[in-house]
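The residues making up each chain are set out below.
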Amino acid sequence: MTIELQHVKKNVRAGAVRVTYDDLNIRLGDGADVAFLAHSEAGIESVLNLLCAADAPDKGRIIRDHSISWPIPSTQYIQRHLSLAANARFLARLYEVDEKDYLARIAETGLDPFMNSRVDRVSGEIKTIFAFVAGVCLPFDRYIITKTGVGKKAFPDLADRLLEDLRARAGLLLVTSQAKAAAKYCDQAYVFDQGTATFYDDMEAATEHFNSIQSKDKDKEGGAEDEEEDDDSDLQNMMALDF
Amino acid sequence: MLADLRTQFNVIVALTIRELQSLQKSYNYGFAWALLEPLMFIAVLRVARSFLKGLTPGDLPPTTFIVLGIIPNYMFLNAMQAVMRATGDQDKMLQFPRVTPVDVGIASALRAFCIYFVLFLVFVVPSSIIEKAWPPQNILEVFFSLFSLLTFGISLGFVFGSVRRVFPPIKQFVSYYSLANRMIGGMMFVITQIPSTYWPYLTWNPILHCSEMTRDGWFVQYTSPIASPSYVLEWIIGMLLLGLSLERFVRRIPYI
């Protein structure tokens, strides 16, 4: 039960991002918790599109023999003029799960008071929490998570609790620019940089590699004079990775 | 195999319901579109009727004649364009790994079908009652014609959408085709109004056959000399095979 990218070539041309992945080999084994460590200009969204079959590679082969989620918490599919419950019903129909049971599972995470509210009348945070919970409550063999700190203000422990539960029953693919979060949830990592993906089954080594890339980038930008300012800009980069 | 088909059916149902719900967004007055749009259409038709009276065959009721020509033809064009867009562009629904461009295309076409079928019923039933052309003489022939237009629209949409993936300027050709089809697809005429020497230049068009079948099935006083269901079916099967094969082929090509 794996998802594999074999000798994949992909030209990424998305806005300012100009990267070419050549001979990309990725293997997501059954149940393994894997991190994709990438900065915002690594074109990782295109790699995720390949994994989700939303796009085709220029060359190479992609083998999928287990189910995979979409990048969670993507809010692209959410209809703003419908209620949270109506949006959840769409997912239930799409993934052939029992509507009542699925809605109840979403509601019991704390979203019950908002379920019948229109999406454009709830806060952005609730919308993101809904997108996260709705994805995580569906059964997949592997979940693509692009944000771990969802809804920290409204429901401080929710994301952690759901992620722990998810790791116990399925594989996790965490796409992040936060090496700390990756080390917390994953035991393998691919570090994406300049069209290559380097595999690590040691999170410390992956973190070290990724941090060296980050610091190189900072040097290039010429912003290494003020450490405090750099911490802030780094945080901004991390937030940019919201699909 | 059966399980896969059932899954695909459920995916298409989910996407179609979502497409229909999205109409609420397009029309800020919710489902008022169902009343507003036909009312505007009626107003236009009422004005046009006086001009069109001379163009419709003398023994056929003019409003029903026009409605039977316009709405099915628009349904065909909208279904074709919806499938072409869904196949040619990277739809956001494709982020769901179990959704394929074929599902998105069929769901968009079914949305167009639902809209135009409701419009068809809303217009054609009252107008034919008022003009004493009720009930239709062969309702099965009418439904066959509507179903043929939908499936032919889907098939052509797959062909054009797949070509658009590799050759975007085809969009321009499609708009010319749509325009030409409005002229020669039998929207405003029946074949008996055209001199028989010109028939060979028009009867190759399966859309004209569908228009003829609709009127042949509805009016007691009109029998089409050319309408051929088997000819339409041949076109549908050929185009569907071509469209699905092309779609399968271009799915391997990255989006531009």
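Chains are numbered independently. Their residues run from 1 in the order of the written sequence. As a convention, the first chain written is A and the first ligand written is 1, with the rest following in written order. Residue-level local features of this predicted model are given only where pLDDT is at least 70; pairs of side-chain atoms are given and counted only at 80 or more, and the full residue set underlies all totals for whole chains, interfaces and linings.

Draft legend 1. Inspection of the overall build of chain B at higher detail. Numbering goes from the N terminus for both helices and strands, where a helix is a DSSP run of H or I of at least four residues and a strand is a run of E of at least two. If you tally the helices and strands in chain B, you get 10 helices and zero strands. When the helices and strands of chain B are read in sequence order from the N terminus, they spell out α-α-α-α-α-α-α-α-α-α. Burial is judged by counting other C-beta atoms within 10 Å of a residue's own C-beta: 20 or more means buried, 12 or fewer means exposed, and anything between counts as partly exposed, with every C-beta placed from the backbone. For chain B, with 256 residues in total, the buried portion stands at 43%. Two residues qualify as a contact pair if the distance between their C-beta atoms, derived from the backbone, is within 7 Å. Sequence separation of at least 24 residues holds for 75% of the intrachain contacts in chain B that already meet a minimum separation of 6.

Draft legend 2. How the structure looks around helix α9 (residues 206-218) of chain B. Helix span, as expected, comes to 1.5 Å for every residue beyond the first. Compared with an ideal rise of 1.5 Å per residue, which puts 13 residues at 18 Å, α9(B) spans 18 Å between its outermost C-alpha atoms and is within 8% of the ideal. Of all 13 residues in α9(B), 13 are buried; the element is thus mostly enclosed.

Draft legend 3. Quick look at the confidence of the model for chain A. When pLDDT is averaged across chain A, the result is 85; 88% of the residues are at 70 or more. Mean pLDDT in chain A bottoms out at helix α8 (residues 227-239) of chain A, which sits at 38, and peaks at helix α2 (residues 84-94) of chain A, which reaches 96. Every residue is assigned a pLDDT by the predictor, reflecting its confidence on a scale from 0 to 100.

Draft legend 4. Representation of the interface of chain A and chain B. Listed as interface residues are 20 residues of chain A and, on the opposing side, 23 residues of chain B. For the side of chain A that touches chain B, the secondary structure elements donating two or more residues are β5 (68-72) and α2 of chain A. Looking at the side of chain A that touches chain B, the element that brings in the most residues is α2(A), giving four residues. Polar here means any residue other than Ala, Val, Leu, Ile, Met, Phe, Trp, Tyr, Cys and Pro, which are nonpolar, and Asp, Glu, Lys and Arg, which are charged; Gly is therefore polar. Here the residues of the side of chain A that touches chain B are counted per class, giving 12 nonpolar, four polar and four charged.

Draft legend 5. Main features of the sheet that holds strand β4 (residues 59-64) of chain A. All names here are of chain A. Two strands are said to pair when DSSP picks up at least two bridges between them. Strands sit in the order β2-β1-β4 across an open sheet of three strands; the sheet is antiparallel. Among the strands making up the open sheet, the edge pair consists of β2 (17-28) and β4. On average, each strand axis in the sheet is tilted by 30° relative to the strand beside it, whichever way the strands run. When strand β1 (residues 3-14) meets β2, the two strands line up antiparallel, connected through nine bridges. Within the sheet, the bridge partner assigned to Glu 4 lies in β2 and is Arg 27. The strands touched by helix α1 (residues 44-51) within the sheet are β1 and β4, with β1 carrying the most contacts at an inclination of about 135°. Angles here are taken between N-to-C directions and fall from 0 to 180 degrees, while the axes themselves are lines fitted to C-alpha atoms, restricted in helices to the stretch in contact.

Draft legend 6. Spotlight on the confidence of the model for chain B. This prediction gives chain B a mean pLDDT of 88; 88% of its residues lie at or above 70. Scoring of the predicted complex yields 0.85 for pTM and 0.84 for ipTM.

Draft legend 7. Expanded view of helix α3 (residues 99-111) of chain A. All names here are of chain A. By the burial criterion, the buried members of α3 are Leu 103, Ile 106 and Leu 111. Axial view of α3: buried residues confined to an arc of 65°, hence all on one face. Facing away from the buried surface of α3 by more than 90 degrees, the exposed residues are Lys 100, Asp 101 and Glu 108. Those residues of α3 that are buried are in contact with α2 and α4 (124-136). In this context, the arc is that of the directions from the helix axis out to the C-beta atoms.

Draft legend 8. Looking closely at the packing of helix α6 (residues 139-166) of chain B against helix α10 (residues 229-250) of chain B. All names here are of chain B. Axis separation between α6 and α10 bottoms out at 8 Å; the angle between their running directions is 30°. The pairing of α6 with α10 is recorded here as roughly parallel in orientation. By crossing handedness, the relation of α6 to α10 is classed as left-handed. Note on element contacts: α10 touches α6 through Pro 229, Val 232, Trp 235, Ile 236, Met 239, Leu 240, Leu 242, Gly 243, Leu 244, Leu 246, Glu 247 and Val 250, opposite Phe 144, Ser 148, Thr 151, Phe 152, Ser 155, Leu 156, Phe 158, Val 159, Ser 162, Arg 165 and Val 166. In terms of residue class, the contact of α6 with α10 is built from 16 nonpolar, five polar and two charged. The scheme is simple: roughly parallel for angles under 35 degrees, roughly antiparallel for over 145, roughly perpendicular for 65 to 115, oblique for anything else. With the far helix as reference, a near helix turned anticlockwise by less than a right angle produces a left-handed crossing, and one turned clockwise produces a right-handed crossing.

Draft legend 9. Quick look at unusual backbone geometry. The omega torsion of the bond from A:Ile72 to A:Pro73 falls at 10°, within 30 degrees of zero and hence cis. With respect to the element layout, A:Pro73 can be found in the loop between β5 and α2. Cis peptide bonds are those with omega within 30 degrees of zero, and the linkage from B:Trp134 to B:Pro135 qualifies with 0°. Tracing the sequence through the fold places B:Pro135 in the loop between α5 (101-130) and α6. The phi dihedral of A:Glu96 is positive, around 50°, even though this residue is not glycine. Note that A:Glu96 resides in the loop between α2 and α3.

Draft legend 10. Representation of the packing of helix α4 (residues 62-88) of chain B against α6(B) within the structure. Residue and element names in this part refer to chain B. Relative to each other, α4 and α6 sit at 30°, their axes nearing to 7 Å. It follows that α4 is roughly parallel to α6 by the angle criterion. Two packed elements cross with a definite hand, and for α4 against α6 that hand is right-handed. Tallied by class, residues from the contact of α4 with α6 come to 17 nonpolar, eight polar and two charged.

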